[in-house]
Each structure stands twice: as C-alpha cells, then as structure tokens.
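Overview (structure and organization)
Here is how the chains run, residue by residue.
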Amino acid sequence: DAMVIQNPRYQVTQFGKPVTLSCSQTLNHNVMYWYQQKSSQAPKLLFHYYDKDFNNEADTPDNFQSRRPNTSFCFLDIRSPGLGDAAMYLCATSRAGQLKDQPQHFGDGTRLSIL
Amino acid sequence: AQTVTQSQPEMSVQEAETVTLSCTYDTSENNYYLFWYKQPPSRQMILVIRQEAYKQQNATENRFSVNFQKAAKSFSLKISDSQLGDTAMYFCAFMKPYEGNEKLTFGTGTRLTIIP
C-alpha cells in the first residue's frame, strides 16, 4: 500500500551528537512536512517542502535542518540535539492544492530520546 | 496568526454513548477549512472529518459529525455510538487554502478514552 514511512521508529542519541531522521513516501505527493510533537502537545510544524522549495517556520531553531534529495525522501537533521529536543517527530505529505479535499498523510513517527 | 483551542485535555465515556469534543479557533479569514484528526495510541494520525467554512451544512462521516458555528468560531466533533476503537487523541486543525503554503494549525488535543 502507498504510505509514508519513517525510520527508525525509535532513535536514541547523545546530547550534542548529530542525528538524522528519515521519511519516505510512495504517494508521489509534492509537499512534505516535518512536525515536532512533545508529550500531550499539538504537533508543531517545523518546516515543509513544496517540491524543492524549502519553507521554514519562523520559530524553528537553526539547530533543525532538512534535506529533500528527491520527491520520495525527506530528512530531518538535528545538528546538536539538546534535552529539549526529545519528542516524537512526524513526517506528513500532501498534494499541493488538494489539502482541503485530501487528508495530509502521516507516518508513524520517530520517537527521539536524548541521553 | 491562527490559533486553535481545545479546552478538554481528557474525556472518557462508556462504550455506545455519545461524546462531543470542543474546539474553538481564532482567525480573520473568511474562507478556510477545519479538520478533526485522530491519533490512536502508537499509530498514525488519520483524518476523521473536514468542514469547509463557506458551507453552512455540517459535515458528517458515519458516526462522526460536526457542529460548525462560524460566527462563534466553534467546531465541535460528535461521536455517536462510541466504540473501543475510538480511543485516541483527537486534534482539531485549521487551514488557510493557499496553494503552495497549505499548513495545518493544530489544537492541543483531547485524549478520549472509551470505557468498556
């Protein structure tokens, strides 16, 4: 089935050690999103790609970067993780112009822990 | 900027009962879209129902329906004949329909537990 796949499901890293989370999709959607979700909080949009155009949210820390080498893959890089970055990270996709009619498709998420 | 407020952090109801989850939002836009998303424990977030602001008729999807009050900026979700599988976090979300910059603003969620 077409889907949004996030790897790994659980990631543990050390304080300050760079970490990369990955997301792939088979839906051929041209928009991909990264959200940070802390316990009992709303998903917070970090940034999104509209095709190759990167759109950063104003309050996303510089510590968070993203890459989208092709339509199918998108990566979230945390350059120097701090304890406050421990969270669930959700990847989502949509087709531009259709979000009002078609749902945003989410992956299962990657739970990041910082030691 | 838009804000979405869900004032009920947690709710629980007996199986087969009806439950209503509240959501209010703040916007100066006239045309927009509202959604309810469901996030079951350790599972993907999925869309439950959506509403277009310019449609007065309330959206329904099987056991799920909304009460959309545009003037009051209220968008509540009613779940009828609740089932154990309805146990999940429910997020209300808002979207402005600008192509290329379509983003969802989520509320803080309501944790719903259906009691057998």
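In the block above lies the structure referred to throughout.
Below is a summary of the structure that appears in this document. (Residues numbered from 1 in each chain as written. Chains lettered and ligands numbered in written order. Predicted model: local features only at pLDDT ≥ 70, side-chain atom pairs only at ≥ 80, totals over all residues. Heavy atoms only, no water.)

Some details on the state of the cysteines
Inspection of every chain in the model, using the stated rule, returns two disulfides over all chains. At a sulfur-sulfur separation of 2.0 Å, the disulfide partner of Cys23(A) is Cys91(A). Across the S-S bond linking Cys23(A) and Cys91(A), the dihedral sits near -75 degrees, which makes this disulfide left-handed. Of the two residues, Cys23(A) is situated in strand E3 (residues 19-25) and Cys91(A) in strand E9 (residues 87-94); the sequence distance between them amounts to 68 residues. Looking at Cys23(A), the relative accessible area reads 1%, which means it is buried. Given the relative accessible area of 0%, Cys91(A) is considered buried. With a sulfur-sulfur separation of 2.0 Å, Cys23(B) is cross-linked through a disulfide to Cys92(B). Residues Cys23(B) and Cys92(B) share a disulfide whose torsion about the S-S bond is about -70 degrees; that sign makes it left-handed. Of this pair, Cys23(B) sits in the loop between strand E3 (19-21) and strand E4 (24-26) while Cys92(B) is found in strand E10 (residues 88-95), placing the two residues 69 residues apart along the sequence. For the pair Cys23(B) and Cys92(B), one class covers both residues: buried. (Disulfide = S-S within 2.5 Å. Helix = DSSP H or I, 4+ residues; strand = E, 2+ residues; numbered from the N terminus. Buried < 20%, exposed > 50% of the residue type's maximum accessible area, 1.4 Å probe, protein only.)

Considering the side chain of Thr60(A)
Residues and elements named next belong to chain A. Following the sequence through the fold, Thr60 ends up in the loop between strand E6 (53-56) and strand E7 (64-67). Among the polar contacts listed, one links the side chain of Thr60 to the backbone oxygen of Leu46, at a separation of 2.6 Å. In this view, Thr60 contacts Lys44, Leu45, Leu46 and Phe47; residues no more than four positions away in its chain are not counted. (Polar contact = N/O pair within 3.5 Å; in protein donor to acceptor, adjacent residues only side chain to side chain. Contact = heavy atoms within 4.5 Å.)

Remarks on the layout of surface pockets
By volume, the largest pocket is sized at about 460 Å³. Taken together, 25 residues line the largest pocket, and the ones lying closest to its centre are Gln37(A), Met88(A), Arg111(A), Gln39(B) and Ser42(B). Put simply, the parts of the chain that give the lining of the largest pocket at least two residues each are E9 of chain A together with E10 and strand E12 (110-115) of chain B. What the second largest pocket holds in volume is close to 360 Å³. Of all the secondary structure elements, the ones that give two or more residues to the lining of the second largest pocket are strand E5 (44-50) of chain A together with E10 and strand E11 (104-106) of chain B. If one sorts the elements of the lining of the second largest pocket by residue count, E11(B) sits on top with three residues. The residue makeup of the lining of the second largest pocket, split by class, is nine nonpolar, three polar and five charged. (1 Å grid on protein atoms, 1.4 Å probe; cavity = no way out; pocket = protein on both sides within 12 Å on 5 of 7 lines; lining within 4 Å. Points joined across faces, edges and corners; volume = space filled by probe spheres on them. Nonpolar A, V, L, I, M, F, W, Y, C, P; charged D, E, K, R; others polar.)

Quick look at the side chain of Asp86(B)
Residues and elements named next belong to chain B. With respect to the helices, strands and loops of the structure, Asp86 is situated in the loop between strand E9 (74-79) and E10. Since its relative accessible area comes to 2%, Asp86 is described here as buried. In this structure the side chain of Asp86 is engaged in a polar contact, spanning 2.8 Å, whose partner is the side chain of Arg63. Only 2.8 Å separates the side chain of Asp86 from the backbone nitrogen of Gln83, close enough to count as a polar contact. Sequence-distant contacts of Asp86, that is, excluding residues within four places in its chain, are made with Lys38, Arg63, Phe64, Ile79, Leu112 and Ile114.

Points about the sheet that holds strand E8 (residues 73-78) of chain A
Residues and elements named next belong to chain A. Strand order in this open sheet of four strands is E1-E3-E8-E7, and the pairing throughout is antiparallel. Two strands lie at the open edges of the sheet, namely strand E1 (4-7) and E7, each paired on one side alone. Within this sheet the neighbouring strands show an average axis-to-axis angle of 20 degrees, counted without direction. (Pairing = 2+ DSSP bridges. Axes fitted to C-alpha atoms, helices over the stretch in contact; angles between N-to-C directions.)

Remarks on the pattern of salt bridges
Residue and element names in this part refer to chain A. Within this structure, the stated rule accounts for seven salt bridges over all chains. One salt bridge connects Arg9 with Asp108, and the closest N-O pair in it is separated by 3.7 Å. You can see Arg9 sitting in the loop between E1 and strand E2 (10-13) and its partner Asp108 sitting in the loop between strand E10 (105-106) and strand E11 (110-114), a full 99 residues away along the chain. When its relative accessible area of 28% is taken as the criterion, Asp108 is described as partly exposed. Among the ionic pairs, Lys44 bridges to Asp59, the shortest N-O distance being 3.4 Å. Note that Lys44 is positioned in strand E5 and Asp59 in the loop between E6 and E7, a separation of 15 residues in sequence. (Salt bridge = Lys/Arg side-chain N within 4 Å of Asp/Glu carboxyl O.)

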